[in-house]
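Here is what each chain is made of, one letter per residue.
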Amino acid sequence: MAVPIQLWQFTVRDYDRMLASGILNDDDRVELIDGEVREMSPIGELHASTVDRLTELMVKKVGRRAIVRTQGPIVLNDFTKPQPDLVLLHRQDDFYATRTPQPDDIFLVVEVSDTTLDYDRLEKTPRYAAAGIAEVWIIDVFGQSIEQYSQPAGGGYRQVETLQHGQSIRSKSLEQLALEVSDVLG
């Protein structure tokens, strides 16, 4: 009779201790999803340039109304600490120096997808919805579109729109933010 193998689920606290002790380091491209330490895809030139372009646009548009954080961690729950490509955060004087941003701190999460489109759609976006993240954008660099997810409910989003070149994307969670899709995609 086969004995089922019990898998160990790491908590965010375990994960942070692995980072602090050097078991994992800042050069490791990993994130914690549902208690599993998962390897992230390498960042290619197209991905990096899209993140850079978007960061510049966001900083100009939101000014001091939000903090623009690129490729930094957020905590969704005790077992999930992803690293989205860009996050718009509520302003905090210390810029979150003493704690990792959590769902209530977040206006918008953005994932730039080249090789990770299915993973971002099917794995990460439902977790953002379950955590109550108000809005998620997935930038499909090869499909040349932006998917906008809003109104989280039951592990998904009730409203999903796909925007193309020639259209504008207006944030549902930060009213002052509107961008031309063509400016984001380049």
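To keep things clear, this report deals only with the structure shown in the data block. Computed from a predicted structure; not experimentally measured.

Cut-offs applied
Residue indices begin from 1 for each chain and proceed along its sequence in written order. With pLDDT at 70 or above as the cut-off, local features in this predicted model cover only qualifying residues; side-chain atom pairs require 80 or more to be listed or tallied, and sums for whole chains, interfaces and linings still use all residues. The side-chain figures draw on all heavy atoms in the structure; neither hydrogens nor water molecules are used. The numbering of helices and of strands both runs from the N terminus, where a helix is a DSSP run of H or I of at least 4 residues and a strand a run of E of at least 2. The quantity called the radius of gyration is restricted to C-alpha atoms. Its globule counterpart is 2.2 Å times the number of residues to the power 0.38. A contact between two residues is defined here by any heavy atoms of the two lying within 4.5 Å. Think of it this way: Lys and Arg go in the positive column, Asp and Glu in the negative one, and His and the chain ends go nowhere. Think of each charge as sitting on NZ of Lys, CZ of Arg, CG of Asp or CD of Glu. Working definition of a nonpolar core: buried Ala, Val, Leu, Ile, Met, Phe, Trp, Tyr and Cys residues. They are joined through side-chain atoms within 4.5 Å. Working definition: with a 1.4 Å probe on protein chains only, accessible area under 20% of the residue-type maximum means buried, over 50% means exposed, and in between means partly exposed. Patch rule: a residue counts if its relative accessible area is over 30% and it has no salt bridge; like charges are joined within 9 Å, and nonpolar side chains (Val, Leu, Ile, Met, Phe, Trp, Tyr) within 5 Å. Every accessible area reported is derived by Shrake-Rupley at a probe size of 1.4 Å, with residue values counting cover from the shown protein chains alone. We count a salt bridge whenever a side-chain nitrogen from Lys or Arg sits within 4 Å of a carboxyl oxygen from Asp or Glu. Aromatic pairing here means that ring centres of Phe, Tyr or Trp (its six-membered ring) are within 6.5 Å. Orientation follows from the plane angle: under 30 degrees is stacked, over 60 is edge-to-face, and everything else is tilted. Here a polar contact means two N or O atoms within 3.5 Å. Within protein one must be a hydrogen donor candidate and the other an acceptor candidate, and residues neighboring in sequence count only if both atoms are side-chain atoms.

## Quick look at the overall build of the protein
Moving on, step 1. Helix and strand counts for the protein come out as four helices and 10 strands.
Moving on, step 2. What you see in the protein, going N to C, is helices and strands ordered as α-β-β-α-β-β-β-α-β-β-β-β-β-α.
Moving on, step 3. Its C-alpha radius of gyration of 17 Å places the protein within 12% of the 16 Å reference for a compact globule of 186 residues.
Moving on, step 4. For the protein, the spread of C-alpha atoms along the principal axes amounts to about 60 × 40 × 35 Å.
Moving on, step 5. In the protein, once contacts between residues fewer than 6 apart in sequence are set aside, the share between residues at least 24 apart is 51%.
Moving on, step 6. Averaged over its 19 positive side-chain charges, the protein has a centre that lies 6 Å from the centre of its 30 negative ones.

## Digging into unusual backbone geometry
Both trends apply: most residues other than glycine have a negative phi, and most peptide bonds are in trans.
Moving on, step 1. Look at phenylalanine 95: it is not a glycine, yet its phi comes out positive at around 55 degrees.
Moving on, step 2. For glutamine 151, which is not a glycine, the phi torsion comes out positive at approximately 60 degrees.
Moving on, step 3. In this structure, glutamine 151 sits in strand 7 (residues 145-153).

## Observations concerning the nonpolar core
Moving on, step 1. Ranked by size, the top nonpolar core spans 24 residues in total, and within it Met58, Leu88, Trp137, Ile139, Leu177 and Leu179 carry the most contacts.
Moving on, step 2. Counting residues per element, the ones that place at least two in this core are helix 2 (45-62), strand 4 (86-89), strand 5 (106-113), strand 6 (135-140) and helix 4 (181-185).
Moving on, step 3. The greatest single-element share of this core, amounting to five residues, is contributed by helix 2.
Moving on, step 4. Apart from residues lying up to four places away in sequence, methionine 58 is in contact with Gly63, Val68, Leu86, Leu88, Leu108, Val110, Trp137, Leu177 and Leu179.
Moving on, step 5. Formed by 16 residues, the second largest nonpolar core is a distinct cluster that contains Ile67, Ile106, Leu117 and Ile133.

## Digging into a negative patch on the surface
Moving on, step 1. Taken together, the side chains of Asp26, Asp27, Asp28 and Glu39 make up a negatively charged region of the molecular surface.
Moving on, step 2. Here aspartate 27 shows up in the loop between helix 1 (12-21) and strand 1 (30-33).
Moving on, step 3. The exposed category is assigned to aspartate 27, whose relative accessible area is 70%.

## With respect to the packing of aromatic side chains
Moving on, step 1. Overall, the coordinates contain two aromatic pairs when judged by the stated rule.
Moving on, step 2. Aromatic pair tryptophan 8 and phenylalanine 10: ring centres 6.5 Å apart, planes at 65 degrees, arrangement edge-to-face.

## Things to note about the side chain of aspartate 85
Moving on, step 1. Residue placement: aspartate 85 occurs in the loop between strand 3 (67-70) and strand 4.
Moving on, step 2. Although aspartate 85 is buried, it makes no salt bridge; arginine 29 carries the closest opposite charge, 5.9 Å away.
Moving on, step 3. Polar side-chain contacts of aspartate 85 include one of 3.3 Å to the side chain of histidine 47.
Moving on, step 4. With sequence-adjacent residues up to four places away left out, aspartate 85 is seen in contact with His47, Val51, Arg69, Thr70, Gln71, Val110, Glu111 and Val112.

## Some points on the pattern of salt bridges
Moving on, step 1. As enumerated under the stated definition, the model contains 12 salt bridges in all.
Moving on, step 2. Where lysine 81 meets aspartate 16, a salt bridge forms, and the shortest distance between an N and an O atom there is 2.5 Å. Placement of the pair is lysine 81 in the loop between strand 3 and strand 4 and aspartate 16 in helix 1, with a sequence separation of 65 residues.
Moving on, step 3. Exposure remark for lysine 81: the relative accessible area of 6% places this residue in the buried category.
Moving on, step 4. The partly exposed category is assigned to aspartate 16, whose relative accessible area is 31%.
Moving on, step 5. Residue glutamate 123 is joined to arginine 38 by a salt bridge in which the shortest nitrogen-to-oxygen separation is 3.2 Å. Residue glutamate 123 is found in helix 3 (residues 117-130), and its partner arginine 38 is found in strand 2 (residues 36-39); the two are separated by 85 residues along the sequence.
Moving on, step 6. Its relative accessible area of 27% is what places glutamate 123 among the partly exposed residues.
Moving on, step 7. Linked by salt bridges that have partners in common, Asp34, Glu36, Arg38, Glu123 and Arg127 make up one network.

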